[in-house]
Amino acid sequence: MKKPLIIALDFAGKDEVNRFLTHFENEKLFLKVGMELFFQEGPSIVYELKEKGHEIFLDLKLHDIPNTVKSAMKGLAGLGCDMVNVHAAGGKAMMEAALEGLEAGRGSGKRPFCIAVTQLTSTSEQQMNSEQLIPVTLNESVLHYASLAKEAGLDGVVCSSLEAREISARLGESFLTVTPGIRLLTDDAGDQKRVATPKFARAEGASAIVVGRSITKSENPFEKYIQCKQSWEGVLNEA
Ligand SMILES: O=C(O)c1cc(=O)[nH]c(=O)n1[C@@H]1O[C@H](COP(=O)(O)O)[C@@H](O)[C@H]1O
């Protein structure tokens with residue numbers, strides 16, 4: 001994977017997506033289809049975006065018993081997306097089952113990357129301690145989930161940029177760290193708690209960044225995309 005900037009298509013339906021994509025005429029993009037869009041449009045949104053030449057991260061964050069996740073992944077493997085995810089909190093057996101499902105369903109196609117969400121970037125350490133009753137630091141919890149994902153054979157994790165460096169140091173550079181919670185300095189963080197700029201994510205060795213509202217809610221999405229890309233590539237001097 002060549003350090004992509006992944007745009008989160010958090011839209012209510014195809015019309016909004018198509019309107020958004022008119023700003024990107026000739027660009028081949030890496031797009032994230034999440035629950036909001038997929039639950040409205042189903043598999044056809046993946047087929048249509050693939051048809052246009054885009055790469056797709058299908059972000060459905062599966063979290064269920066191993067057998068159910070295995071069967072669901074078997075179905076998702078046939079959609080032709082490039083990346084899928086699960087919640088690491090579902091456990092090692094569930095993550096192994098996810099991979100088995102993907103292998104079983106891929107046919108002659110390539111297996112999509114499978115990554116595990118560690119602690120959501122909207123979660124703070126205080127929240128994790130008091131609501132999830134996990135009595136360690138947020139960093140320790142993320143590293144623990146990342147190690148579990150690696151043991152299960154997954155390709156990487158979703159984490160914040162603040163944890164990317166340590167995960168790579170412990171689990172290797174080839175273990176993917178996909179980092180949402182990305183904002184330029186002047187952007188509103190919204191519900192995100194563990195936030196950083198694209199440039200910071202790159203400096204910490206993140207494999208990919210996921211950018212949603214900073215681009216999708218911008219008055220000029222293409223210009224904002226280029227700014228984020230330049231920050232990610234170290235061209236724009238954004239701290
Ligand atoms: O798995 C994800 O993509 C994800 C994990 C996580 O910990 N935090 C997180 O924000 N995301 C997703 O990344 C996107 C971030 O969107 P913005 O906050 O608008 O940039 C959303 O689509 C989230 O669903």
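Residues numbered from 1 in each chain as written. Predicted model: local features only at pLDDT ≥ 70, side-chain atom pairs only at ≥ 80, totals over all residues.

The name given to the protein chain in an unreviewed UniProt entry is Orotidine 5'-phosphate decarboxylase, with Cytobacillus oceanisediminis as the source organism. Entered under Sequence similarities (unreviewed entry) in the UniProt record, the comment concerning the protein chain runs "Belongs to the OMP decarboxylase family. Type 1 subfamily." UniProt, in its Function (unreviewed entry) section for the protein chain, records the words "Catalyzes the decarboxylation of orotidine 5'-monophosphate (OMP) to uridine 5'-monophosphate (UMP)." (UniProt positions renumbered as here; feature names shortened; annotations may be inferred.)

A closer look at the overall build of the protein chain
Helix and strand counts for the protein chain come out as eleven helices and eight strands. For a compact globule of 239 residues, the expected C-alpha radius of gyration is about 18 Å, and the protein chain comes in at 17 Å, within 12% of that figure. Considering only C-alpha atoms, the protein chain reaches an extent of 45 × 40 × 30 Å along its principal axes. The burial tally for the protein chain puts 42% of its 239 residues in the buried class. Of the contacts formed within the protein chain by residues at least 6 apart in sequence, a portion of 68% connects residues at least 24 apart. (Helix = DSSP H or I, 4+ residues; strand = E, 2+ residues; numbered from the N terminus. Rg over C-alpha atoms; globule rule 2.2 N^0.38 Å. Buried ≥ 20, exposed ≤ 12 C-beta atoms within 10 Å, placed from the backbone. Contact = placed C-beta atoms within 7 Å.)

Quick notes on the site of the ligand
Surrounding the ligand, one finds 20 residues, the nearest of these being Ala-8, Leu-120, Pro-180, Gly-212 and Arg-213. For the shell around the ligand, the secondary-structure elements that each account for two or more residues are β3 (55-62), β8 (208-211) and α10 (213-216). A per-class count over the shell around the ligand returns eight nonpolar, eight polar and four charged. (Near = placed C-beta within 6 Å. Nonpolar A, V, L, I, M, F, W, Y, C, P; charged D, E, K, R; others polar.)

Comments concerning the nonpolar core
By size, the foremost hydrophobic cluster in this structure holds 65 residues, and its most contacted members are Ala-98, Ile-115, Ala-116, Val-157 and Ile-209. Take this core: its biggest share by element is six residues, from helix α7 (residues 138-151). Other than its neighbours up to four places away in sequence, Ile-209 contacts Leu-5, Ile-6, Thr-179, Ile-182, Pro-198, Ala-201 and Trp-232. (Core = buried A, V, L, I, M, F, W, Y, C linked by C-beta atoms within 7 Å.)

Quick look at the pairing of strand β7 (residues 176-179)
On β7, burial covers both faces: Leu-176 and Val-178 on one face and Thr-177 and Thr-179 on the other are all buried. Each parallel crossover has a hand, and for strand β6 (residues 156-158) linked through helix α8 (residues 161-171) to β7 it is right-handed. Note that β7 and β8 share two bridges and pair parallel. Each bridged residue has a counterpart across the sheet, and for Thr-179 the counterpart in β8 is Ile-209. Since β7 and β8 lie parallel, the crossover through helix α9 (residues 198-203) that links them has a hand, and here it is right-handed. (Right-handed = clockwise from strand over helix to strand, strands pointing away. Pairing = 2+ DSSP bridges.)

Quick notes on the sheet that holds β7
One closed barrel holds the eight strands; their spatial order is β1-β2-β3-β4-β5-β6-β7-β8, and the pairing between them is parallel. With strand direction ignored, the average angle separating the axes of adjacent strands in the sheet is 25 degrees. Sheet topology note: the β6/β7 ladder contains three bridges and is parallel. Across the sheet, the residue bridging to Gly-156 is Leu-176, located in β7. (Axes fitted to C-alpha atoms, helices over the stretch in contact; angles between N-to-C directions.)

Points about the UniProt feature "active site" (unreviewed entry) in the protein chain
As recorded in UniProt, the sites labelled "active site" (unreviewed entry) are Asp-59, Lys-61 and Asp-64. Along the chain, the position of Asp-64 falls in the loop between β3 and α4 (66-77). Non-local contacts of Asp-64, meaning those with residues more than four positions away in its chain, are made with Val-69 and Gly-90.

Structural notes on helix α11 (residues 221-232)
Look at α11: 16 Å from first C-alpha to last across twelve residues, which is about the 16 Å you get at 1.5 Å a residue. For α11, every residue scored as buried is listed here: Tyr-225, Cys-228, Ser-231 and Trp-232. When α11 is viewed along its axis, its buried side chains cluster within an angular range of 125 degrees and face the same direction. Buried residues in α11 make contact with β1 (5-8), α9, β8 and α10. Backbone geometry just after α11 places Gly-234 at a positive phi near 80 degrees. (Expected span 1.5 Å × (residues − 1). Arc of directions from axis to C-beta.)

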